[in-house]
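Next come the chains, spelled out residue by residue.
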Amino acid sequence: MRLIIMGPPGAGKGTQAQILVEKYSIPQLSTGDILRAAIEAKTPMGLQAKEIMARGDLVPDEVVCGIVSERLDGDDAKVGFVLDGFPRTIAQAEELDAMMTEKGVALDAVISLEVDADALVERIKKRAAESGGSRADDNEEVLRNRLDVYGELTEPLIAYYAKQGNVKHIDGMASIKDVTASIAQELNK
Ligand code: AMP
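Let me sum up the structure you'll find in this document. (Residues numbered from 1 in each chain as written. Predicted model: local features only at pLDDT ≥ 70, side-chain atom pairs only at ≥ 80, totals over all residues. Heavy atoms only, no water.)

Points about the overall build of the protein chain
Filter applied, for reference: To qualify as a helix, a DSSP run of H or I must reach at least 4 residues; to qualify as a strand, a run of E must reach at least 2; elements of each kind are numbered from the N terminus. Radius of gyration means the value over C-alpha atoms here, while the globule rule gives 2.2 Å times the residue count to the 0.38 power. Relative accessibility decides the category of a residue: with a 1.4 Å probe and only protein chains considered, values under 20% of the type maximum give buried, values over 50% give exposed, and everything between is partly exposed. What makes two residues a contact is simply this: any of their non-hydrogen atoms within 4.5 Å. For every accessible area listed, the method is Shrake-Rupley and the probe measures 1.4 Å; residues are considered covered only by the protein chains on display. None of His or the chain ends enter the tally, which takes Lys and Arg as positive and Asp and Glu as negative. A single reference atom marks each charge: NZ on Lys, CZ on Arg, CG on Asp, CD on Glu.
From N to C terminus, the protein chain includes nine helices and five strands. Secondary structure elements of the protein chain occur, N-terminal to C-terminal, as β-α-β-α-α-α-β-α-β-α-α-α-β-α. In terms of C-alpha radius of gyration, the protein chain reaches 16 Å, essentially the compact-globule figure of 16 Å for 189 residues. For the protein chain, the spread of C-alpha atoms along the three principal axes comes to 40 × 40 × 30 Å. Relative to its full complement of 189 residues, the protein chain shows a buried share of 45%. Put simply, of all contacts in the protein chain between residues at least 6 apart along the chain, 73% involve residues at least 24 apart. If you sum the accessible surface of the protein chain, you get close to 9,700 Å²; carbon and sulfur atoms cover 51% of it. Side-chain charges of the protein chain comprise 22 positive and 32 negative groups, with the mean position of each set lying 4 Å from the other.

Considering the sheet that holds strand β4 (residues 109–114)
The test is simple: Strands are treated as partners if at least two bridges between them are detected by DSSP. Here the axes come from fitting lines to C-alpha atoms, over the contacting stretch only for helices, and the angles between their N-to-C directions go from 0 to 180 degrees.
One open sheet holds the five strands; their spatial order is β2-β3-β1-β4-β5, and the pairing between them is parallel. Of all the strands in the sheet, just β2 (28–30) and β5 (167–171) have a single pairing partner and so form its edges. Each strand of the sheet is rotated relative to its neighbour by a mean of 20 degrees, with strand direction disregarded. One ladder, built from four bridges, connects strand β1 (residues 2–6) with strand β3 (residues 81–84); its direction is parallel. Each bridged residue has a counterpart across the sheet, and for I5 the counterpart in β3 is D84. Across the face of the sheet, helix α9 (residues 176–187) comes into contact with β1, β4 and β5 while running at roughly 155 degrees to β5.

Some remarks on the site of the ligand
This is how it is decided: In this text, near means that some heavy atom of the residue lies within 4 Å of the molecule or strand in question. Any N or O atom pair separated by 3.5 Å or less is treated as a polar contact, with the protein-specific requirement of one donor-capable and one acceptor-capable atom, and with residues adjacent in sequence counted only for side-chain atom pairs. Note that Gly is not counted as nonpolar here; it falls among the polar residues with everything else outside the nonpolar set of Ala, Val, Leu, Ile, Met, Phe, Trp, Tyr, Cys and Pro and the charged set of Asp, Glu, Lys and Arg.
Around the ligand sit 16 residues, and of these T31, R36, D57, G85 and R146 come closest. The separation between a nitrogen atom of the ligand and a polar main-chain atom of G85 is 2.9 Å. Surface burial for the ligand is 97%, taken as the share of its 480 Å² of free accessible area covered by protein chains. Considering every element that reaches the shell around the ligand, the biggest residue donor is helix α2 (residues 31–40), with four residues. Per-class residue counts for the shell around the ligand are six nonpolar, four polar and six charged.

A closer look at helix α8 (residues 156–164)
Let me state the cut-off plainly: Note that the arc is computed from the directions linking the helix axis to the C-beta atoms.
L157, I158, Y160 and Y161 are the residues of α8 that are buried. Take α8 and look down its axis: the buried residues cluster within an arc of 160 degrees, on one side only. Of the residues one or two after α8, G165 is the one with positive phi, at around 80 degrees.

As for unusual backbone geometry
At the junction of F86 and P87, the peptide bond is cis and its omega measures out at -5 degrees in the coordinates. Locating P87 in the fold gives a position in the loop between β3 and α5 (90–103). Of note, S25 is a non-glycine position whose phi angle comes to about 50 degrees, a positive value. Relative to the elements of secondary structure, S25 occurs in the loop between α1 (13–24) and β2. On the basis of relative accessible area, S25 is assigned to the exposed category, the value being 57%.

Here we look at the packing of helix α7 (residues 140–154) against α8
Close contact between α7 and α8 brings their axes to 5 Å; oriented N to C, the two are set at 30 degrees. Residue-level contacts link Y150, G151, E152, L153 and T154 of α7 to P156, L157 and I158 of α8. Taken together, the residues that form the contact of α7 with α8 break down as five nonpolar, two polar and one charged.

Structure follows, in structure tokens:
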């Protein structure tokens, strides 16, 4: 199973991605997690990404495409994957298409978690309180920027993938359990 899970920050992508990992025994490929690990390890990539992420802006396409290309070459990704937080721009989506064509594989579905912007602010505030400030980008001002960036650069991907005919629209405002059930229903169609 080869999946993309999309949605604005705080939509529950990571939570649902982890459930899909268990269900299909596929790796979760989260560019955000990989970048946070790079910051933690103070690698050159982490140093480059740190300030950009703290502002809620996007890390350059070449950097994240490099991460994904490397991960897709891993043995564990041969059976499938769930991409969480990638692609975030049309250029990234085009690059992913090219990578997949080269490998002779195709996406099974793009799951779009649809949520109300006000609810996201509340969710992120809660996540910030629970994580004890471990994420520099979990605060209201940065969140507003992340939402703007999402609307401007990432949301157009829904139309991009709709043209390919594989978008599954999911109501992300429901409970975690119900969102999981809607995803399962859509993937079984
Ligand atoms: P996330 O954990 O997916 O919310 O990502 C956290 C931050 O990492 C984002 O706000 C961006 O700064 C950066 N990031 C993660 N994935 C990407 C991507 N595909 N393209 C550009 N920046 C990214």
